[in-house]
Amino acid sequence: MMYLSLPHEVDTAEAMLQAWRLGKTVVVPKIMWRQRQMIPVRIDTLEADFSTEIPGLRNPTVGMLVPFDQIDLIVAPGLGFDRRGNRLGRGGSYYDRFFSNERLKATRCGFAFAEQVVDSVPVSEHDQPVDLLVTDEGVTYLNSRKGD
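Residues numbered from 1 in each chain as written. Predicted model: local features only at pLDDT ≥ 70, side-chain atom pairs only at ≥ 80, totals over all residues. Heavy atoms only, no water.

Participant: How do you make sense of the pattern of salt bridges when you look at a structure like this?
Facilitator: As a working rule, side chains carrying opposite charge can pair if their charged atoms are close by. Using the criterion set out here, one finds five salt bridges in the structure. The salt bridge partner of Asp 44 is Arg 42, with a shortest N-O separation of 2.9 Å. As a salt-bridge pair, Asp 82 and Arg 84 come within 3.2 Å of each other at their nearest N and O atoms. Asp 82 gets classed as buried once you look at its relative accessible area, which sits at 0%. Overall, Arg 84 belongs to the partly exposed group, its relative accessible area being 48%. (Salt bridge = Lys/Arg side-chain N within 4 Å of Asp/Glu carboxyl O. Buried < 20%, exposed > 50% of the residue type's maximum accessible area, 1.4 Å probe, protein only.)

Participant: Honestly, the side chain of Asn 86 in this entry has me stumped. Any pointers?
Facilitator: Mapped onto the elements, Asn 86 comes out in the loop between strand 7 (80-82) and strand 8 (87-88). The class for Asn 86 is buried, based on a relative accessible area of 13%. When residues no more than four places from it in sequence are discounted, the contact partners of Asn 86 are Gly 80, Phe 81, Val 121, Val 123 and Pro 129. (Helix = DSSP H or I, 4+ residues; strand = E, 2+ residues; numbered from the N terminus. Contact = heavy atoms within 4.5 Å.)

Participant: Mind showing me how you'd approach the sheet that holds strand 2 (residues 37-43) here?
Facilitator: The strands making up a sheet associate through hydrogen bonds between their backbones, and the pairing can be parallel or antiparallel. With antiparallel pairing, the three strands of this open sheet are ordered in space as 1-2-5. One side of each edge strand has no neighbouring strand; the edge strands of this open sheet are strand 1 (26-32) and strand 5 (64-65). (Pairing = 2+ DSSP bridges.)

Participant: I'm lost on the packing of aromatic side chains in this one. Help?
Facilitator: Two descriptors summarise a pair of aromatic rings, namely the distance from one centre to the other and the angle between the planes of the rings. Inspection of every chain in the model, using the stated rule, returns four aromatic pairs. Taking the centre distance of 6.0 Å and the plane angle of 75 degrees together, the rings of Trp 33 and Tyr 94 count as edge-to-face. Taken as a pair, Trp 33 in the loop between strand 1 and strand 2 and Tyr 94 in helix 2 (residues 94-99) lie far apart in primary sequence, 61 residues in all. Overall, Trp 33 belongs to the partly exposed group, its relative accessible area being 31%. Take Tyr 94: its relative accessible area is 15%, and that puts it in the buried class. Summarising the aromatic geometry, the rings of Phe 68 and Phe 98 are spaced 4.9 Å apart at their centres and angled 35 degrees between planes, so their arrangement reads as tilted. Of this pair, Phe 68 sits in the loop between strand 5 and strand 6 (73-76) while Phe 98 sits in helix 2, and the two are 30 residues apart along the sequence. On the basis of relative accessibility, which here comes to 3%, the residue Phe 98 falls in the buried class. One Lys or Arg, Arg 97, reaches over the ring of Tyr 94 and ends 5.2 Å from the middle of that ring. (Phe/Tyr/Trp six-rings, centres within 6.5 Å; stacked < 30°, edge-to-face > 60°. Lys NZ or Arg CZ within 6 Å of the ring centre and 35° of its normal.)

Participant: What exactly am I supposed to notice about unusual backbone geometry here?
Facilitator: Phi is mostly negative for residues that are not glycine, and the peptide bonds are mostly trans. Despite not being glycine, Arg 36 has its phi angle at roughly 55 degrees, a positive value. Exposure remark for Arg 36: the relative accessible area of 41% places this residue in the partly exposed category. Even without being glycine, Ser 93 reaches a positive phi, approximately 60 degrees. With respect to the secondary-structure elements, Ser 93 resides in the loop between strand 8 and helix 2.

Participant: Where do I start with the side chain of Asn 59 in this structure?
Facilitator: By the element assignment, Asn 59 lies in strand 4 (residues 59-60). A relative accessible area of 2% means that Asn 59 is categorised as buried. Non-local contacts of Asn 59, meaning those with residues more than four positions away in its chain, are made with Pro 29, Lys 30, Ile 31, Trp 33, Asp 49, Phe 50, Ser 51 and Glu 53.

Spelled out as structure tokens, the structure:
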């Protein structure tokens, strides 16, 4: 599962294209605005039908729902990340609620530019960390989740 990049975020398009070349299923978040949640839907092309209720944010209008337990990897954006895997999002808690689903066993990966990684970001009790962080300077594996 990968996010559909905004212009200022690490671009996921090439990773999605490579996943399709390797025969992988690509899932993206579909934002359900009224319910304030994301649901995972399969897309088979970057030319799929998308709406843009918020400027720049592409939201799939079609796509088959994918069960949480069939997702192996989630690539998540963030405004910033700290070295313990905490993620600073946009304040809607969409990823935090998604990550807290008990059926979800996927590895959580943050994508960021190196300058977005800082010593600490504000954290509250409902915030959900990532397991690894990929930047333009390398990969950092984190032991961030309790019980893993």
